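Structural overview
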Amino acid sequence: MHRRTFLKSSLAAGISLSLASRNAAAALLAPTDKVVSDIAARTGSGEEVTLGKAAVQELADSLRGNVVLPGHAVYDEARRVLNPMIDRYPAIIVQPKGAADVQSAVTFARESNLLLAVKCGGHSPSGKSTCDGGMQLDLSLLRSVRVDPQRRVAQVTGGSWLGDIDHESMAMGLVTTAGTVSHTGVGGLTLGGGFGRLARRFGLAVDNVNAVDIVTADGRLLRASASDNPDLFWAVRGGGGNFGVVTNFEFGLHPMSRTVVAGNLLYPLAEARQVLNVYAEYAATAPDEMYVDSGLLSRPGGFSAVVIQVCYSGDLKDADRLLAPLRKAGTVIADDVAAQDYVAVQKSGDISDPRARGSYIKSGFAPELSPTMVDILVDGFEPHPERGAFVGFQHAGGAIGRVADDATAFSHRHVQFDSLFLVDWPVDADPAEHVRYIKEYFAAYEPYTDGFYTNDVTVDDTQQDVDRNYRGNYDRLLAIKRRYDPTNLFRLNANIVPG
């Protein structure tokens, strides 16, 4: 199951897809207006500053891309992210068309001491890809994928979406780990680690990165790989957006059949304890080609169920045998598991992405799913007529765990499950009751977790929580942060404060 599924009404799904497509169109229709006045802005530390109109005009004139200012026809579309509860107003939006534009924007932000947010897909659940009063660097014009089938690599520009990779690489019979929602930004997903339906077989997204081109805080464009700036290459693979703006990723690709066996098995909520205990045992011993998520879900209006979602990329003749224990885990009330096109499966979660509704998440890595943990989950799950809720697990293990904790900055190699507690509600409803519920629910489960997914950092996570979450890699990451971003220009992320 992708990380946020089964929660939205068809209306909300339409909003999500419409927002994604409108934002892409807005970027293409956003030529820079003449700068007519000075602009009030904010620094990274929250102080008020004024951007002189001549300086902003000079920046705009230097770009192939766009500068979008408040009052521009597409400003409101360009500034938005997928969660409408996050409603922020950058002083200036820059939409670069190439690495040189990114360099110019980063240099301007640094020299102006601006708060800087970097937006790709706009999926950050806590709104790290936008800001009030600073610069939003919107990468929506920086989208392309070029596949070299002989070398089995893909060159992917920094504003691309995961669906772009899947579409181009699978056309060549090749693939890499690319999340579970096609309109997720490549940069955000990859820099934090990069789970996906193929991660158990081919490793996390960071495990498939051969090199990056990155604009650092001083405005330089650097290549980082095992042989070029290897410290920086190590850090960006799990250290989030702390070190710069990646303008290009080189991903290694793997041969794979385009046909996979995928779909959903649903069971009555009354059988949740039984089904989840069977799932826990099954997931712990499944082959690497078998990706199987599970969880409890409820939708506004009363529908509730236990769900298991499958994506099997191995030999198709083995699928029924491997899936038999899951079909016997409880009373199956719906079963649409079948041979499907992998690219279509990767898009299947798009229409159920809940972040077009107000939402709040808590997450935590789990090294196991014990009967005690199952009891906490089942006993605390409370369907509600006005909210959607999903509590469940993204399947890890496999190839993810066969990489050393310190081989990349992503240090949670021991994880077997990424636990996600998510609640969503209508945008015009008071969120307090729903947020309080999910926080209290997660609090009972949290002692059984060990860290959390960097990409799911929330406003409630303290600096100590963030630092501790990098585990044994923190000291090395801190040293690299101090080298490449000593003033903490790139702070809207799971931030490593240079101090």
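Just so you know, these numbers come straight off a predicted model, no measurement behind them. (Residues numbered from 1 in each chain as written. Predicted model: local features only at pLDDT ≥ 70, side-chain atom pairs only at ≥ 80, totals over all residues. Heavy atoms only, no water.)

Moving on: helix α4 (residues 99-111). Residues separated by three or four positions in an α-helix point in the same direction, a consequence of the helix having 3.6 residues per turn. If you check α4, its first and last C-alpha atoms are 18 Å apart, about what 13 residues at 1.5 Å a residue would give, namely 18 Å. For α4, every residue scored as buried is listed here: D101, V102, A105, V106, F108 and A109. Seen from one end, α4 has its buried residues packed into an arc of 160 degrees, which puts them on one side. Summarising the geometry of α4, the exposed residues directed more than 90 degrees from the buried face are A100 and E111. Positive phi appears at N113, one or two residues downstream of α4, with a value of about 60 degrees. (Helix = DSSP H or I, 4+ residues; strand = E, 2+ residues; numbered from the N terminus. Expected span 1.5 Å × (residues − 1). Buried < 20%, exposed > 50% of the residue type's maximum accessible area, 1.4 Å probe, protein only. Arc of directions from axis to C-beta.)

As a further point, take the nonpolar core. Judged by nonpolar contacts, the single largest core of 49 residues is most densely connected at F195, F243 and F249. Among all residues touching F195, those that are not within four sequence positions of it are T177, G179, L189, L204, F365, Q394, A396, I400, F410, V415 and Y453. (Core = buried A, V, L, I, M, F, W, Y, C linked by side-chain atoms within 4.5 Å. Contact = heavy atoms within 4.5 Å.)

Within this structure, the stated rule accounts for 14 aromatic pairs. Centroid distance F365 to Y453: 6.3 Å. Interplanar angle 50 degrees. Geometry classified as tilted. With a gap of 88 residues between them, F365 in strand β19 (residues 358-366) and Y453 in the loop between α13 (432-445) and α14 (463-469) connect regions that are remote in the sequence. In this structure Y453 comes out as buried when scored by relative accessible area, which is 2%. With a centroid separation of 5.1 Å and 80 degrees between ring planes, the pair formed by F421 and F442 is classed as edge-to-face. Linking F421 in strand β21 (residues 417-425) with F442 in helix α13, this pair joins segments that are 21 residues apart in sequence. With relative accessibility at 0%, the residue F421 sits in the buried group. Of the residues examined, F442 reaches a relative accessible area of 2% and is grouped as buried. Between the NZ or CZ atom of R79 and the centre of the ring of Y89, over which it lies, the distance is 3.8 Å. (Phe/Tyr/Trp six-rings, centres within 6.5 Å; stacked < 30°, edge-to-face > 60°. Lys NZ or Arg CZ within 6 Å of the ring centre and 35° of its normal.)

Next up on the list: the sheet that holds strand β5 (residues 116-119). The strand order β3-β4-β6-β5 describes an open sheet built from 4 strands, whose pairing is mixed. Lying at the two open borders of the sheet, with one neighbouring strand each, are β3 (66-68) and β5. Averaged over all pairs of adjacent strands, the angle between strand axes in this sheet comes to 20 degrees, irrespective of strand direction. Bridging between β3 and strand β4 (residues 92-95) involves 3 bridges; their strand directions are antiparallel. (Pairing = 2+ DSSP bridges. Axes fitted to C-alpha atoms, helices over the stretch in contact; angles between N-to-C directions.)

Moving on to the pattern of salt bridges. This model, assessed by the stated rule, comprises 26 salt bridges. With its nearest N and O atoms 3.8 Å apart, the salt bridge here joins E111 to R110. Taking relative accessible area as the criterion, R110 reaches 30% and is therefore assigned partly exposed. In this structure, R273 and D379 form a salt bridge, with 3.1 Å as the shortest nitrogen-oxygen distance. Highlighted residues: R273 in helix α9 (residues 272-285) and D379 in helix α12 (residues 371-380), separated in sequence by 106 residues. (Salt bridge = Lys/Arg side-chain N within 4 Å of Asp/Glu carboxyl O.)

Along strand β1 (residues 39-42), the buried face is formed by I39 and A41; none of A40 and R42, which line the opposite face, is buried. Pairing of β1 with strand β2 (residues 48-51) involves 4 bridges; the strand directions are antiparallel. Pairing of A41 across the sheet is with V49, part of β2. The loop that links β1 with its antiparallel partner β2 comprises 5 residues; one of these, G46, has a positive phi angle of about 95 degrees.

This paragraph deals with the packing of α12 against α13. At a minimum axis separation of 9 Å, α12 and α13 run at an interaxial angle of 160 degrees. In terms of their interaxial angle, α12 and α13 are classed as roughly antiparallel. Of the two possible hands of crossing, α12 and α13 adopt the one that is right-handed. Taken together, the residues of α13 that come into contact with α12 (itself represented by M373, I376, L377, V378 and G380) are Y437, Y441, A444 and Y445. Its residues assigned to classes, the contact of α12 with α13 shows 8 nonpolar, 1 polar and no charged. (Parallel < 35°, antiparallel > 145°, perpendicular 65-115°, else oblique. Left-handed = near helix turned anticlockwise from the far one by under 90°. Nonpolar A, V, L, I, M, F, W, Y, C, P; charged D, E, K, R; others polar.)

Sheet architecture is open: 5 strands sit in the order β7-β8-β12-β10-β11, paired in antiparallel fashion. With partners counted over all chains shown, the strands left at the sheet margins are β7 (145-148) and β11 (221-225), one partner each. Taken over all neighbouring pairs, the strand axes of this sheet differ in orientation by 15 degrees on average, direction set aside. Looking at chain direction, strand β10 (residues 209-215) and strand β12 (residues 245-252) are connected through 6 bridges and run antiparallel.

This next bit is on the side chain of H183. Note on placement: H183 falls in the loop between β9 (174-175) and α6 (186-192). Engagement of the side chain of H183 in a polar contact is seen with the side chain of H123, the distance being 2.8 Å. (Polar contact = N/O pair within 3.5 Å; in protein donor to acceptor, adjacent residues only side chain to side chain.)

A few words now on empty space enclosed by the protein. With the rule as written, the count across this model stands at 4 cavities of 30 Å³ or more. For the largest cavity, the calculated volume is near 770 Å³. Along the walls of the largest cavity sit 48 residues, with S124, G187, G188, L189 and N455 positioned nearest its centre. Sorting the residues of the lining of the largest cavity by element identifies β5, α6 and β12 as the ones contributing at least two each. Within the lining of the largest cavity, the residues separate by chemical class into 19 nonpolar, 22 polar and 7 charged. (1 Å grid on protein atoms, 1.4 Å probe; cavity = no way out; pocket = protein on both sides within 12 Å on 5 of 7 lines; lining within 4 Å. Points joined across faces, edges and corners; volume = space filled by probe spheres on them.)

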